[in-house]
Structure formats: structure tokens, C-alpha cells
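# Inside the fold
One letter stands for each residue in the lines below.
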Amino acid sequence: MPGAPYLYMGWGNPPNPGTVMDATGVKSFTMAFILSSGGCNPAWDGNRPLTGGADAQAISTIKSKGGSVQISFGGWSGNKLGPNCSSPEAFAGAVQQVINAVGPAVVDFDIENSDEFENYTVQDRILNGLKIVKANNPNVKVVVTFGTTTTGPNAHGIRLINRSKELAVPIDNYTIMPFDFGGSNIYNDTVNASEGLKNALKNAFGWSDAQGLRQDGHLRHERPVRPAGAHHPGDLGPDHRLGQVQGADQAGVLGGQP
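Residues numbered from 1 in each chain as written. Predicted model: local features only at pLDDT ≥ 70, side-chain atom pairs only at ≥ 80, totals over all residues. Heavy atoms only, no water.

## Topic: unusual backbone geometry
Here the amide bond leading from A32 into F33 is cis, since omega sits at -15°, within 30 degrees of zero. For F33, the location among the structural elements is in strand 2 (residues 28–36). One non-glycine residue, D45, lies in positive phi territory at about 60°. Tracing the backbone shows D45 in the loop between strand 3 (42–44) and helix 2 (54–64). Although it is not a glycine, A168 sits at a positive phi angle of roughly 60°. Structurally, A168 can be placed in the loop between helix 7 (155–166) and strand 7 (173–176). (Helix = DSSP H or I, 4+ residues; strand = E, 2+ residues; numbered from the N terminus.)

## Points about the pattern of salt bridges
In the structure shown here, the tally under the stated rule is 9 salt bridges. A salt bridge links K134 to D172, with the nearest nitrogen and oxygen atoms 2.8 Å apart. Taken as a pair, K134 in helix 6 (residues 120–136) and D172 in the loop between helix 7 and strand 7 lie far apart in primary sequence, 38 residues in all. Of the residues examined, K134 reaches a relative accessible area of 13% and is grouped as buried. On the accessibility criterion, D172 (22% relative accessible area) is partly exposed. Of the charged contacts, one joins E166 and R163 as a salt bridge, the two residues approaching to 2.9 Å between their closest N and O atoms. Linking E166 with R163, this pair stays in helix 7, spanning 3 residues, or about one helical turn. What makes E166 exposed here is its relative accessible area of 55%. (Salt bridge = Lys/Arg side-chain N within 4 Å of Asp/Glu carboxyl O. Buried < 20%, exposed > 50% of the residue type's maximum accessible area, 1.4 Å probe, protein only.)

Below, the structure is given as C-alpha cells:
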């Protein structure tokens, strides 16, 4: 999934994904967001059913046109599954409900804020849960998403990377969100943040530059980061080419705010 713009059906006037696919050639979408509807029970935004609603209809349209979907769990705010599920097994069970209902190509865990990213008990619960998810769904890619500084992951992000190595969690991509720096050169900030993530992955796993970039292959961006001569935001020059980009328009996502 080299490009997967967010599609959020819970607010505003989201576009028909089939129309977007016809107009742009986009084949994949990141459907947002899975939260808790109470306890360890997943739902779109915590209140829309996994099947039978607008989200399921959009996913059906995407798949009918040969596309695929990535499902985003969590985010900055909301009632999330990580803190509400009592164990890794329970967390994995909630994720499995979504996989069974949706049939995604990718599941993306947006680990943010003090309730998940900065809570190491919950970090570990999610990571151990992801081991179970991957074991039960080997063909579904597992992605983790977290914030970054202009020089790469902060201490919580480094801990998340190192802990995933210690726990042997088979994560397919590590995602950073280089869009909220407040600087004047978002391209340079993005390159530096990506380099920082690559180096953190190299340090944790003993990888080469090429291996680090393949795993640091996934940017979530919400402002333009395209330098002159780059074909898309994942192409940050010949030494920084990444494998995957989650896109969002200037409003945040197609249909509303993240």
C-alpha cells in the first residue's frame, strides 16, 4: 500500500471513495478510527457498528474497485482499546473482531498521548497483543504509528521500538507523524525525523541503512513535504526513499479532522 489517504466517515461530508479512486488512481485508503464502545469492544469512533453502516459501505466500494483498506486503531483522543482491554489476549480479540468484519490488508495502531504512548503498561499490552494478532493473521500487515520530534522519536518512541524488539513483536512498519513541528521547512524536518527513526531502528535491531529505511517506510503526513524533484512525499531524495505514505489533506483527513 504505497499510498493510503485517510477516509473518516464520522463527520462532515466525506467523498465517495469510488469517485476518488476514479479521479486520482488511488487504490488504498486508511479507514479511521477504531475506538472502544465501552470496555474491550471495538466500534468505528466508539459508536458506529463494524458492519452495516457507512464505514462498511465505503470499504465495500473500495474493494469492489480492486482497492484495499488499512484500519487505524486509536489516535490522539477518544476512548481507546489499549487502556480498556485488560490483557494482551483481550486486546488481540478486539482487533480480531475488526479483522473478521472488515478483511483489511493492514492494521495500523496509532499509539499516542498519555493513556497509551506514555503509559508503559499499556504499551506492553498493545505490543504483546500484536504478537497474537500477527500469529493469527500472518497475511495482514501490522503497523505502529507514533509522534516524533524533528530529530526522530522521543524517549517514549525509543522505548516502544526497543520494547518491540525485546518482545519479538513482528511489526511490518514503524510510522512517524512529521507534520506538527511548527517550523519553516517541513521537508528538512521530515527528512531529519525520518533519519532519526531509521537510526533508532538500526540501533534496536542491528539493521543496515537499507533495512532501516524499509521498516521506516511509512510516513503519516498532513502538510506538503515534497521537495523539488520528488515524485511523492515518500520520495525524500535518493538517500531517503520510503516505502509507504499515509496521506491526509490539509483538513486532516478526507471527511474531517483526525
